[in-house]
Amino acid sequence: MRLGRSVMDFPALIFFSFIVSVDVLAQRTYLWQEVGSPSCVRCCETSEQPSPNPTKSRVKQYVIYPAPKFQPKIDVTILKGEQGEKGEIGQTGMSGSDGEVGPHGHLGQKGQKGHRGPPGNSCKNQHAAFSVARRKSLHSNDYFQPVIFDTVFVNLYEHFNMFSGIFFCYTPGIYFFNLNIHTWNLKETYLHIMKNDQETAILYAQPSDRSIMQSQSLMLDLQEKDEVWVRMYKRERENAIYNDDTDVYIIFNGYLIRPAGE
């Protein structure tokens, strides 16, 4: 008898467990929903009218409704502060290793020829010599007027500047200088051989109607960067030196006799 009663109570126990498990799930994730139609209407014949008291058919089932997700939005412009001051420069880091040598570039075009450079070290050049001439006559216009030469016979290492008429000393030592001129036509001739701004020798010829050749020579002890040149000096009379179209009369020479230190 006990066995029979237990067997009869077994379905009720299963039904009760099903209800409990469903209720527990419903509290967590499920909701009740009624589905079905409140009345049934036949659509085959239009003459028939629906029953005035239709029976309702309702069925309950569980429908899952996912919980809404909320994602907050933060206005960054409200939280962003003002720009701070620039910090101090940090210490220089260690130098990296040298990279590999890159490939050679394309060969460029040939450049223009440069200007002539200044003479080299005077200690290497133990020689100096020049011989220049003037083929045009010259009349003094100012009281002090440099004589410019237009013809070159010798100009070793180009120490004599043809544009200024000045010899520049690059090798110190003892030098010999010589000046030859021609005068006539009752013109006075008064010239100075200058060392820098100082008169060292005078070449003078009185006015005459004859053709006269005059010459002056001297030796000078020159230091580096000393300058030697010829200056025409005008006094009461007109000063002039003459030449013709074929011969050369006005010549200025100079050369190094002994370098300093020998």
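Just so you know, these numbers come straight off a predicted model, no measurement behind them.

Criteria and cut-off values
- Residues numbered from 1 in each chain as written.
- Predicted model: local features only at pLDDT ≥ 70, side-chain atom pairs only at ≥ 80, totals over all residues.
- Heavy atoms only, no water.
- Helix = DSSP H or I, 4+ residues; strand = E, 2+ residues; numbered from the N terminus.
- Buried < 20%, exposed > 50% of the residue type's maximum accessible area, 1.4 Å probe, protein only.
- Contact = heavy atoms within 4.5 Å.
- Areas by Shrake-Rupley, 256 points an atom, 1.4 Å probe, with all protein chains shown as cover.
- Core = buried A, V, L, I, M, F, W, Y, C linked by side-chain atoms within 4.5 Å.
- Phe/Tyr/Trp six-rings, centres within 6.5 Å; stacked < 30°, edge-to-face > 60°.
- Pairing = 2+ DSSP bridges.
- Polar contact = N/O pair within 3.5 Å; in protein donor to acceptor, adjacent residues only side chain to side chain.
- Axes fitted to C-alpha atoms, helices over the stretch in contact; angles between N-to-C directions.

For the overall build of the protein, give the residues involved together with the corresponding values.
Secondary structure summary: the protein contains two helices and 15 strands in total. Looking at the protein residue by residue over its 262 residues, the buried ones come to 25%. Sequence separation of at least 24 residues holds for 71% of the intrachain contacts in the protein that already meet a minimum separation of 6. In the form shown here, the protein has an accessible surface area of approximately 21,100 Å², with 54% of it arising from carbon and sulfur atoms.

Go over unusual backbone geometry, please, and point to the residues and values.
The phi dihedral of Y157 is positive, around 60 degrees, even though this residue is not glycine. By the secondary structure assignment, Y157 is in the loop between strand 6 (151-155) and strand 7 (160-161). Y157 sits in the partly exposed class, given a relative accessible area of 38%. The phi dihedral of K225 is positive, around 75 degrees, even though this residue is not glycine. The residue K225 is located in the loop between strand 12 (212-222) and strand 13 (227-233) in this model. Overall, K225 belongs to the exposed group, its relative accessible area being 69%.

Can you tell me about the nonpolar core, naming the residues and giving the values?
In terms of nonpolar packing, the biggest core is built from 27 residues, with F167, F177 and F252 touching the most fellow members. Mapped by element, the contributors of at least two residues to this core are strand 3 (129-134), strand 9 (173-183), strand 10 (189-195), strand 11 (198-205), strand 12, strand 13 and strand 15 (250-259). Top element by residues in this core is strand 9. It accounts for four residues. With sequence-adjacent residues up to four places away left out, F177 is seen in contact with F130, F167, Q216, S217, L218, L220, L222, V228, F252, N253 and G254.

A description of the packing of aromatic side chains should follow, citing residues and the corresponding values.
A complete count under the given rule lists 15 aromatic pairs for this structure. Ring centres 6.3 Å apart and planes at 70 degrees place the aromatic pair F160 and F252 in the edge-to-face group. On the criterion of sequence distance, the pair formed by F160 in strand 7 and F252 in strand 15 is long-range, its members being 92 residues apart. This pair shows no difference in class: F160 is buried, exactly as F252 is.

Explain the pairing of strand 9 residue by residue, including any values.
With nine of its 11 residues buried, strand 9 lies for the most part within the structure. With 11 bridges connecting them, strand 9 and strand 12 associate as antiparallel partners. Each residue of the ladder has a partner; that of G173, found in strand 12, is L222. As paired elements, strand 9 and strand 15 share eight bridges and run antiparallel to each other. By the bridge assignment, I174 is partnered in strand 15 with R258.

Before we move on, can you summarise the environment of E188 with the specific residues and values?
By the element assignment, E188 lies in the loop between strand 9 and strand 10. C-alpha separation for the pair E188 and A205, spaced 17 residues apart in sequence, amounts to 6.1 Å. Each residue touching E188, except ones within four places of it in the same chain, is listed here: Y204, A205, P207, R235, R237, E238, N239 and A240. Within the local environment of E188, its side chain forms a polar contact with the side chain of Y204, the two groups lying 3.0 Å apart.

So what's going on with the sheet that holds strand 9? Which residues, and what values?
Spatially, five strands are ordered 6-3-15-9-12 in an open sheet, and the strand pairing comes out antiparallel. Two strands close off the open sheet at either side, each with one partner strand: strand 6 and strand 12. Strand after strand, the sheet turns through a mean of 10 degrees between neighbouring axes, direction not considered.

A description of the side chain of H192 should follow, citing residues and the corresponding values.
Examined against the element boundaries, H192 turns out to sit in strand 10. With sequence-adjacent residues up to four places away left out, H192 is seen in contact with E199, A201, I202, W229, V230, R231 and Y233.

Run through the environment of F153, naming residues and quoting values.
With respect to the helices and strands, F153 occurs in strand 6. Sequence-wise, F153 and I251 are 98 residues apart; in three dimensions their C-alpha atoms are separated by 9.7 Å. What F153 contacts, discounting residues up to four positions off in sequence, is S131, V132 and A133.

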